[in-house]
Amino acid sequence: MTHFDDLLAGYARFRANGWKQQRERWEELAEGQSPKVMIIACSDSRSEPAEIFDTHPGEIFVVRNVAALVPPFETNPGRHGVSAALEFAVQFLNVEEIVVMGHGMCGGCHAALHRTMEGAEPGRGGFIADWIAMLDEASAQVRTDYPDFANRDAGRAMELAGVKVSLDNLRTFPCIAEREKRGRLSLRGAFFAINEGVLHVLDEATGEFAPV
């Protein structure tokens, strides 16, 4: 089990090795960032984009949240964290690709499929319930397709459906839809199978995910 003291020890190794080895890169990053790819991933500790894609600092702009979800474009008052990050990445960093990456054994997708947070109070699961309500239609369809949904096949179907929901919601943002139409921005869906260590990429023409 890793604790804060372990993190500090890791930082010491980073300062002694990684930072010195990439000193020029860090000096460049001190002047600004210009990543070409934005990744929307789950907060799950087992699904780390920088590790999975073997990237260096400054190469990917990452947003992580429960179940790697993107809310639809909304203008109502509120604290729209994911929407703000999207706005910054698209309008100011001018990223060229947005990747939504789901993963296996996702707790948020499991809660959506099994409705385990339904009716919970804020602070006791209610915030999670409100967030994963974005998956209500998708989870209802999975339960229809898999009547005995307490199995891994249904779980994966839910996880893959979640990626598609986020891609659909991304296209409700005017700046994203406009740039995609003009060929200045590409949207991609991906899924990382934790138990296999295999990345699957979505072919939107067929709706199928295939390993790469």
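Residues numbered from 1 in each chain as written. Predicted model: local features only at pLDDT ≥ 70, side-chain atom pairs only at ≥ 80, totals over all residues. Heavy atoms only, no water.

### What about the sheet that holds strand β6 (residues 208-211)?
An order of β2-β1-β3-β4-β5-β6 is seen for the 6 strands of this open sheet, with the pairing classed as mixed. Each having just a single partner strand, β2 (60-65) and β6 make up the two edges of the open sheet. For this sheet, the mean inter-axis angle between neighbouring strands, taken without regard to orientation, is 25°. As paired elements, strand β1 (residues 37-42) and strand β3 (residues 97-103) share 5 bridges and run parallel to each other. (Pairing = 2+ DSSP bridges. Helix = DSSP H or I, 4+ residues; strand = E, 2+ residues; numbered from the N terminus. Axes fitted to C-alpha atoms, helices over the stretch in contact; angles between N-to-C directions.)

### Section: the pattern of salt bridges
What the rule picks out here adds up to 11 salt bridges. Asp44 serves as the salt-bridge partner of Arg46, at 2.7 Å between the closest nitrogen and oxygen. Accessibility expressed as a relative area gives 42% for Arg46, which makes it partly exposed. Since its relative accessible area comes to 15%, Asp44 is described here as buried. Residue Arg171 pairs with Glu180 through a salt bridge whose shortest N-O separation is 2.8 Å. (Salt bridge = Lys/Arg side-chain N within 4 Å of Asp/Glu carboxyl O. Buried < 20%, exposed > 50% of the residue type's maximum accessible area, 1.4 Å probe, protein only.)

### Some points on the pairing of β6
Direction of pairing for strand β5 (residues 198-203) relative to β6: antiparallel, over a ladder of 4 bridges. Note on β6: the bridge partner recorded for Leu202 is Phe209. As consecutive antiparallel partners, β5 and β6 are separated by 4 residues, and within that stretch Gly207 has a phi angle of approximately 80°, a positive value.

### Remarks on the side chain of Asn65
Relative to the elements of secondary structure, Asn65 occurs in strand β2. Exposure remark for Asn65: the relative accessible area of 9% places this residue in the buried category. What Asn65 contacts, discounting residues up to four positions off in sequence, is Ile40, Ala41, Cys42, Ser43, Val82 and Trp131. (Contact = heavy atoms within 4.5 Å.)

### Examining the environment of Gly125
Checked against the element boundaries, Gly125 lands in the loop between α5 (107-114) and α6 (126-132). Taking relative accessible area as the criterion, Gly125 reaches 14% and is therefore assigned buried. Once the C-alpha coordinates of Gly125 and Lys20 are considered, the two residues, 105 residues apart in sequence, prove to be 43 Å apart. Excluding its chain neighbours within four sequence positions, the residues that come into contact with Gly125 are Met117 and Ala120.

### A closer look at helix α8 (residues 152-170)
Helix length check: α8, at 19 residues, gives a terminal C-alpha distance of 27 Å against a target of 27 Å (1.5 Å per residue), a fit within 8%. Among the 19 residues of α8, 14 are classified as buried, and the element is accordingly described as predominantly covered. For α8, the capping residue at the N-terminal end is Asn151, with a side-chain oxygen 3.1 Å from the backbone nitrogen of Asp153. (Expected span 1.5 Å × (residues − 1). Polar contact = N/O pair within 3.5 Å; in protein donor to acceptor, adjacent residues only side chain to side chain.)

Worth remembering: the numbers are spatial, not functional.
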